[in-house]
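Results of the structural survey
The lines below spell out each chain.
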Amino acid sequence: MKVAIVDDEPQIRRWIEQLVHKTELGIEVAGAYGNGKEALDACRSQPVDVIITDIKMPVMDGIELIRRLKEEFPSVRSMIMSSYSEFQYASEALKAGAGNYILKAEVTVGELREALNKLQSELALEKHRNDEVYSLKSALNHHHHTLRSIYLTDLVRGKPSAIHEFEAKMSAFQLRLPRRDLIVMTIRPDDAPDAGLHAKIKDHKLLESAMVNIIDETLVTEAGSGCCFVYEANLLVVLIGSNQTGSRSVREASLQYAHRIISNLSEYLQVSVSVGISPPYGDLSQLGHQFQEACEALKRKTFYEKRAIAWHKEEQAADTGFADKELPAFWKTFTQRIGERQYKQAAEAVEALMGGIQQRKPFTEAEAKALCLQIAFTLHQALRDLKEGAAVYEPELIHQEIAELSTFERLKQWLLLRTAHFIDEAQVRQGSYNKTIREVCAFIKESYAEGISLQQAADKVHLNKTYLSELFKKKMGVSFNDYLTHLRIEKVKELIRSGDSTIGMMAEQVGYPDGSYLTKVFKKATGMTPLEYKQAHAMR
């Protein structure tokens, strides 16, 4: 408990402070002041629990101080310690709100201890009651939001009962949403589930709750209505009435709302998100379809690029000509080159295909991954057809690795590295591999754990470093460093699956300086930390 002493006599202030300490109640004296105004100003800048004040003082007396404290700081307790014994002073003090009235001439340590102890108990009781009220309000608020989320989740899933209860639920949850022409947004944190690592709030549940509150406030400010709720982990859904857009087009208004939501979440929580938007439909029966459209738009957009806003109708305008023309032409060229054992040309066809997909974005994430899976299996089968021993990688791991790639860029790099690895193995088995590059690849495989460099490889085959770099890229389809990284990461995956090595031991075994650097490179290559890869592999 913190006490402030107010008296116009410095000696009296020091004497009262000594009495307070002698009570041995562990009370802190927050300050001592010469009049009521000084004490009131101090209360405005620092918390005080109890005021011990004289009555007659210059500038502002004790009675006025108590009245002002009751107006501005009703939780602060006060007691009078005065030289005046007249009844009228005591009566005025008690009417003003003083908790006790003690005469300076008669006060003892025991009497002061009793008075302060009483005030301390009152404050503790009040704090306990306030905590209970706050806890009850928090529980009711949480219950309200939970029920709201359950209902709105059923609504966007198109449950007939939820649609039938719409008006009643809007009234119960105090939401102002129209029955027709609702805009649906889906919001997902970028780099989930690691988004919370850089957020101001580390607890996932608290962070989601804060995001919902900020989005709700943003919608009220920007659109005049609307609501947000947690649909599932790392996915929020927003509903807005399109009739709130005024003279703006629905698309223009929706994009403005999305930009403001992104800005506020970044400013207040340091969370980066992407947003998918489905335009309004005629009635609630289409809400489930709108939700799927918003999810598809968000998923397609974030697969190719991060921190984006995706408007469904624009994302739907996919390049169908690519699938109808370029893809059949690719398969014809690719399979022909594989059949003719022109592996370098086959790799060039893969690289051109992936570049075209990245530029024109004709496929969904599932379609792009299915295509890469088909290409990988074709390469795998080609190695089997050479009848030169076991395949480079186990087929059952291909599904797992592709599933763990969260962006197209990672998927592209995964496929190009495996294509380069295929060329290496195929030409070695075929016996027509360029002797210089074959020696470099053999050197990498033998020495990758020793921290080798391009210069060391160039010295090994007696070539200029720059020329070797260009030759290696031309023949292998990837750079020397990418090829080296690929071999190391594949070895790390093997060590993780065996479960016998620590991060530090694995770093040493593959040529990285320490476990921290290995983790950084591994996550960049796979989208996961070694621990996450281990957990994902254990679940399969």
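Preceding this paragraph is the structure being described.
We now turn to the structure provided with this report.

Looking only at helices and strands, the protein features 23 helices and 10 strands. For the protein, long-range pairs separated by at least 24 residues make up 67% of all intrachain contacts whose partners lie at least 6 apart in sequence. Carbon together with sulfur atoms contributes 50% to the accessible area of the protein, which is approximately 27100 Å² in total.

Ordered in space as 7-8-6-9-10, the five strands form an open sheet in which the pairing is mixed. What marks the edges here is a single partner per strand, and that holds for strand 7 (227-232) and strand 10 (309-311). Strand-to-strand twist in this sheet, taken as the mean axis angle between neighbours without regard to direction, amounts to 20°. Taken together, the three bridges between strand 9 (residues 273-278) and strand 10 define a ladder with parallel strand orientation. Pairing of Val 275 across the sheet is with Ile 309, part of strand 10. Here helix 8 (residues 204-223) sits on the sheet in contact with strand 6 (182-189), strand 7, strand 8 (235-241) and strand 9, set at roughly 150° to strand 7. Seen against the sheet, helix 10 (residues 287-304) touches strand 6, strand 7, strand 8, strand 9 and strand 10 and runs at an angle of roughly 40° to strand 6.

What follows concerns helix 2 (residues 36-45). Since the α-helix advances by 3.6 residues per turn, residues separated by three or four positions end up pointing in the same direction. By the burial criterion, the buried members of helix 2 are Gly 36, Ala 39, Leu 40, Ala 42 and Cys 43. The arc enclosing the buried residues of helix 2, seen along the axis, measures out at 160°, which places them on a common side. The inward-facing, buried residues of helix 2 contact strand 1 (2-6), strand 2 (28-33), strand 3 (50-53) and helix 3 (62-72).

Our focus in this paragraph is the packing of aromatic side chains. In this structure the tally under the stated criterion is 13 aromatic pairs. Look at Tyr 343 and Phe 422: their rings are 5.2 Å apart centre to centre, the planes differ by 85°, and that puts the pair in the edge-to-face class. Of the two residues, Tyr 343 sits in helix 13 (residues 343-360) while Phe 422 sits in helix 16 (residues 408-430), which places them 79 residues apart along the sequence. Comparing Tyr 343 with Phe 422 shows no difference in burial state: the two are buried. Aromatic side chains Phe 522 and Tyr 533 sit 5.7 Å apart centroid to centroid with 75° between the ring planes, which places their arrangement in the edge-to-face category. Here the residue Phe 522 occupies a position in helix 22 (residues 515-526), and Tyr 533 occupies one in helix 23 (residues 530-538), the gap between them amounting to 11 residues.

This part is about the environment of Ser 406. Along the chain, the position of Ser 406 falls in the loop between helix 15 (395-403) and helix 16. Along the primary structure Ser 406 and Tyr 304 are separated by 102 residues, whereas in three dimensions their C-alpha atoms are 9.4 Å apart.

The next point concerns the packing of helix 20 (residues 480-498) against helix 21 (residues 503-510). At their nearest, the axes of helix 20 and helix 21 sit 10 Å apart, and the two run at 140° to each other. Along this stretch, helix 20 crosses helix 21, giving a crossing that reads as right-handed. Residues Arg 488, Lys 491, Val 492, Leu 495 and Ile 496 of helix 20 form the contact with helix 21, whose own contacting residues are Met 506, Gln 509 and Val 510.

Attention shifts here to the sheet that holds strand 1. Taken together, the five strands give an open sheet; going across it, the order is 2-1-3-4-5, and neighbouring strands pair in parallel fashion. Edge positions in the sheet fall to strand 2 and strand 5 (101-103), since each of these pairs with one other strand and no more. Geometrically, the sheet is characterised by an average inter-axis angle of 20° between neighbouring strands, direction not taken into account. When strand 1 meets strand 3, the two strands line up parallel, connected through four bridges. In the sheet register, Ala 4 faces strand 3, and the bridge partner there is Ile 51. Sitting on the sheet, helix 1 (residues 10-22) touches strand 1, strand 2, strand 3 and strand 4 (77-82), and the angle it makes with strand 2 is about 170°. Against the sheet, helix 2 touches strand 1, strand 2 and strand 3, its axis set at about 135° to strand 2.

So, about the layout of surface pockets. Taken as a whole, the second largest pocket spans an internal volume of roughly 710 Å³. Taken together, 30 residues form the lining of the second largest pocket, with Asp 482, Thr 485, Val 521, Lys 524 and Ala 525 sitting closest to its centre. Looking at the lining of the second largest pocket, the element that brings in the most residues is helix 20, giving nine residues.

Attention now moves to helix 17 (residues 435-447). Given a rise of 1.5 Å per residue, 13 residues ought to cover 18 Å, and the 18 Å separating the end C-alpha atoms of helix 17 matches this to within 8%. Listed as buried for helix 17 are Ile 437, Val 440, Cys 441, Phe 443, Ile 444 and Ser 447. Along helix 17, the residues classed as buried sweep out an arc of 160° about the axis, all on the same side. Residues of helix 17 that are exposed and angled more than 90 degrees away from the buried face: Lys 435 and Glu 446.

This paragraph deals with the pattern of salt bridges. Tallied over the full model, the rule gives 18 salt bridges. For Lys 37, the salt bridge is made with Asp 41, and the minimal N-O distance between the two is 3.1 Å. Linking Lys 37 with Asp 41, this pair stays in helix 2, spanning four residues, or about one helical turn. Judged by its relative accessible area of 31%, Asp 41 is partly exposed. For Asp 154, the salt bridge goes to Lys 159, with nearest N and O atoms at 3.5 Å. On the basis of relative accessibility, which here comes to 39%, the residue Lys 159 falls in the partly exposed class. One network of salt bridges, in which partners are shared, links Lys 37, Asp 41, Arg 44 and Glu 72.

Another aspect to go through is the packing of helix 17 against helix 18 (residues 454-461). Packing of helix 17 against helix 18 leaves a shortest axis separation of 10 Å and a crossing angle of 130°. As summarised for this structure, helix 17 and helix 18 are arranged oblique, according to the angle between their axes. You can see that helix 17 and helix 18 cross each other, and the crossing is right-handed. Taken together, the residues of helix 18 that come into contact with helix 17 (itself represented by Thr 436, Glu 439, Val 440 and Phe 443) are Gln 456, Ala 457, Lys 460 and Val 461. Grouping the constituent residues of the contact of helix 17 with helix 18 by class yields four nonpolar, two polar and two charged.

Procedures and definitions
Numbering of residues starts from 1 in every chain and runs along the sequence as written. In view of the model being predicted, local features appear only for residues whose pLDDT reaches at least 70, and side-chain atom pairs are presented and counted only at 80 or more, with totals across whole chains, interfaces and linings using the full set of residues. By convention in this description, side-chain values take in all heavy atoms of the structure and omit both hydrogens and water. Only DSSP runs of H or I with at least four residues qualify as helices, and only runs of E with at least two residues qualify as strands; both kinds are numbered from the N terminus onward. Here, two residues are considered to be in contact whenever any of their heavy atoms come within 4.5 Å of each other. The Shrake-Rupley method, run with a 1.4 Å probe sphere, supplies the accessible areas, and residue values consider only the shown protein chains as cover. Pairing between two strands is assigned when DSSP locates at least 2 bridges connecting them. Lines fitted to the C-alpha atoms define the axes, with helices restricted to the stretch that makes contact. Angles between their N-to-C directions range from 0 to 180 degrees. Exposed residues in this analysis have more than 50% of their type's maximum accessible area, buried residues have under 20%, and partly exposed residues fall in between, with area computed by a 1.4 Å probe over protein chains only. For this quantity, the arc is that covered by the directions from the helix axis to the C-beta atoms. Each Phe, Tyr or Trp ring, with Trp reduced to its six-membered ring, pairs with another whose centre is within 6.5 Å; inter-plane angles below 30 degrees give stacked pairs, above 60 give edge-to-face pairs, and intermediate values give tilted ones. Helix crossings are classified by the rotation of the near helix relative to the far one: an anticlockwise turn of less than a right angle makes the crossing left-handed, while a clockwise turn makes it right-handed. A cavity here means a set of points on a 1 Å grid, drawn over the protein atoms and nothing else, where a 1.4 Å probe fits but cannot get out; a pocket is an open set with protein on both sides within 12 Å along at least five of seven lines, and a residue lines either one if it has an atom within 4 Å of a point. Grid points are joined across faces, edges and corners, and a volume is the space filled by probe spheres set on the points. The span one expects for a helix is its residue count, reduced by one, times 1.5 Å. Criterion for a salt bridge: a side-chain nitrogen of Lys or Arg within 4 Å of a carboxyl oxygen of Asp or Glu. Oblique is the label for any angle not under 35 degrees, not over 145, and not in the 65 to 115 range, which are roughly parallel, roughly antiparallel and roughly perpendicular in turn. Three categories are distinguished: nonpolar for Ala, Val, Leu, Ile, Met, Phe, Trp, Tyr, Cys and Pro, charged for Asp, Glu, Lys and Arg, and polar for the others, with Gly belonging to the last.

Purely geometric stuff here, so don't read any function into it on its own.
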